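Coordinate inspection notes
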Amino acid sequence: MDEVRTHPVRRLAVLRHAKSAWPDDVADVDRPLAERGRRDAPEAGRWLRDRGLLPDRVVCSPARRTRETWNLVAAQWDRVPPVDFDARVYGAGTDGLVQLVRGLDPRAVTVLLIGHQPAVQELVLRLATDAAGAELDRLREKFPTSGIAVLELDGPWSGLREGAARLVDFIVPRGPRS
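These notes cover the structure that comes with them.

Conventions adopted
Starting afresh in each chain, residues are numbered from 1 along the sequence in its written order. Where totals are concerned, whole chains, interfaces and linings use all residues; where local detail is concerned, this predicted model gives features only for residues with pLDDT of at least 70, and gives and counts side-chain atom pairs only at 80 or more. The basis for every side-chain value is the complete set of heavy atoms in the structure, and neither hydrogens nor water enter the calculation. To qualify as a helix, a DSSP run of H or I must reach at least 4 residues; to qualify as a strand, a run of E must reach at least 2; elements of each kind are numbered from the N terminus. What the globule rule says is 2.2 Å times the number of residues to the power 0.38, and the radius of gyration is computed from C-alpha atoms. Only protein chains enter the area calculation, which uses a 1.4 Å probe; residues under 20% of their type maximum are buried, those over 50% are exposed, and those in between are partly exposed. Any pair of residues with heavy atoms lying within 4.5 Å of one another is described as a contacting pair. Note on areas: Shrake-Rupley, 1.4 Å probe, and residue coverage restricted to the protein chains presented here. DSSP calls a pair of strands paired once it identifies at least 2 bridges connecting them. Angles shown run from 0 to 180 degrees and are taken between the N-to-C directions of axes, each axis being a line fitted to C-alpha atoms and, for helices, limited to the stretch in contact. One side-chain nitrogen of Lys or Arg within 4 Å of one carboxyl oxygen of Asp or Glu is enough to make a salt bridge. Orientation is classified from the angle alone, with under 35 degrees giving roughly parallel, over 145 giving roughly antiparallel, 65 to 115 giving roughly perpendicular, and any other angle giving oblique. Whether a crossing is left-handed or right-handed is set by the direction in which the near helix is turned from the far one by less than a right angle, anticlockwise for left-handed and clockwise for right-handed. In this count, Pro and Cys sit with the nonpolar residues alongside Ala, Val, Leu, Ile, Met, Phe, Trp and Tyr, while Asp, Glu, Lys and Arg are called charged and the others, Gly among them, polar. In this description, the arc belongs to the directions extending from the helix axis to the C-beta atoms. The rule is short: rings of Phe, Tyr and Trp, with Trp giving its six-membered ring, pair when the centres are within 6.5 Å, and they are stacked under 30 degrees, edge-to-face over 60, tilted in between.

What follows is about the overall build of the chain. Scanning the chain for helices and strands turns up five helices and six strands. Along its sequence from the N terminus, the chain presents helices and strands in the succession β-α-β-α-β-α-β-α-α-β-β. Taken against the 2.2 N^0.38 rule, which gives 16 Å for 178 residues, the C-alpha radius of gyration of the chain at 16 Å falls within 12% of a compact globule. Here the C-alpha coordinates of the chain stretch approximately 60 × 35 × 30 Å along the principal axes. Considering the chain as a whole, with its 178 residues, one finds that 46% of them fall into the buried category. Long-range contacts, defined as pairs at least 24 residues apart, comprise 76% of the intrachain contacts of the chain with a sequence gap of at least 6. Here the chain displays about 8,800 Å² of accessible surface, and carbon together with sulfur accounts for 48% of that area.

This is how it looks when you write it as structure tokens:
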């Protein structure tokens, strides 16, 4: 007898914000994107669109560089999903991000989380099963700016457990270089 699914496969796309600038006398939360970040963020949006990974909901750090990343990503889509600028994402540790994901709206099937290092990398490493192979090895080594890790899990967000998700993609979209 075939297994009956009571929940759709959930997809969590984890995006590290695009490359930021380091201007003098600017608080970390207020740092803007660098020129490279402004080129790369639209590529991330196109990559998500072209792979059918348009989210039902977006959770984004309220930091300026993540908001700017979000705006450039969303500009590549015909439909812009609801976005929550959640202060818990800025400066969050892995445990905090796991709790945030467990509390996602159960109706959301695909969610985009836009955050910061090292928490985004640690989140993916904690959630992904070791069966991910080379992609997981690459991610362990580095999670560059504009990097996107896509995880799938069976069951509700509230049931998320360590090692229970499949890393199905890890990509670093880059815009044109001048």
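Before going further, it helps to examine the sheet that holds strand E2 (residues 57-60). Pairing within the open sheet is mixed, and its six strands lie in the order E3-E2-E4-E1-E5-E6. Pairing within the sheet leaves two strands with one partner each, and these edge strands are strand E3 (83-85) and strand E6 (166-171). Ignoring strand direction, the axes of neighbouring strands in this sheet form an average angle of 15°. Taken together, the six bridges between strand E1 (residues 10-16) and strand E4 (residues 110-115) define a ladder with parallel strand orientation. Residue pairing in the sheet places Arg16 in a bridge with Gly115 of E4.

Under the definition given, this model contains 15 salt bridges. Taking the shortest distance from any N to any O, the salt bridge between Arg36 and Asp40 comes out at 3.7 Å. Highlighted residues: Arg36 and Asp40, both in helix H1 (residues 35-50), separated by four residues, approximately one helical turn. Here Asp40 falls in the buried class, since its relative accessible area comes to 0%.

This part is about the packing of H1 against helix H2 (residues 64-74). Put simply, H1 and H2 touch, their axes get as near as 7 Å, and they point 50° apart. The angle between H1 and H2 places the two elements in the oblique class. For the element pair H1 and H2, the recorded crossing hand is right-handed. Residues Gly37, Arg38, Ala41, Pro42, Ala44, Gly45 and Leu48 of H1 touch H2, and the partners they reach there are Thr69, Leu72 and Val73. The residue inventory of the contact of H1 with H2, partitioned by class, reads six nonpolar, three polar and one charged.

Taken together, the buried positions of helix H3 (residues 94-102) are occupied by Thr94, Leu97, Val98, Leu100 and Val101. Burial along H3 is one-sided: seen end-on, the buried residues are contained in an arc of 160°.

Under the criterion given, the structure shown has two aromatic pairs. Considering the side-chain rings of Phe143 and Phe170, the 5.3 Å spacing of their centres and the 70° angle between planes classify their relative orientation as edge-to-face. Note that Phe143 is positioned in the loop between helix H5 (134-141) and strand E5 (148-153) and Phe170 in strand E6, a separation of 27 residues in sequence. Just as Phe143 is buried, Phe170 falls in that class too.

So, to be careful, I would describe these as geometric facts and stop short of saying anything about function.
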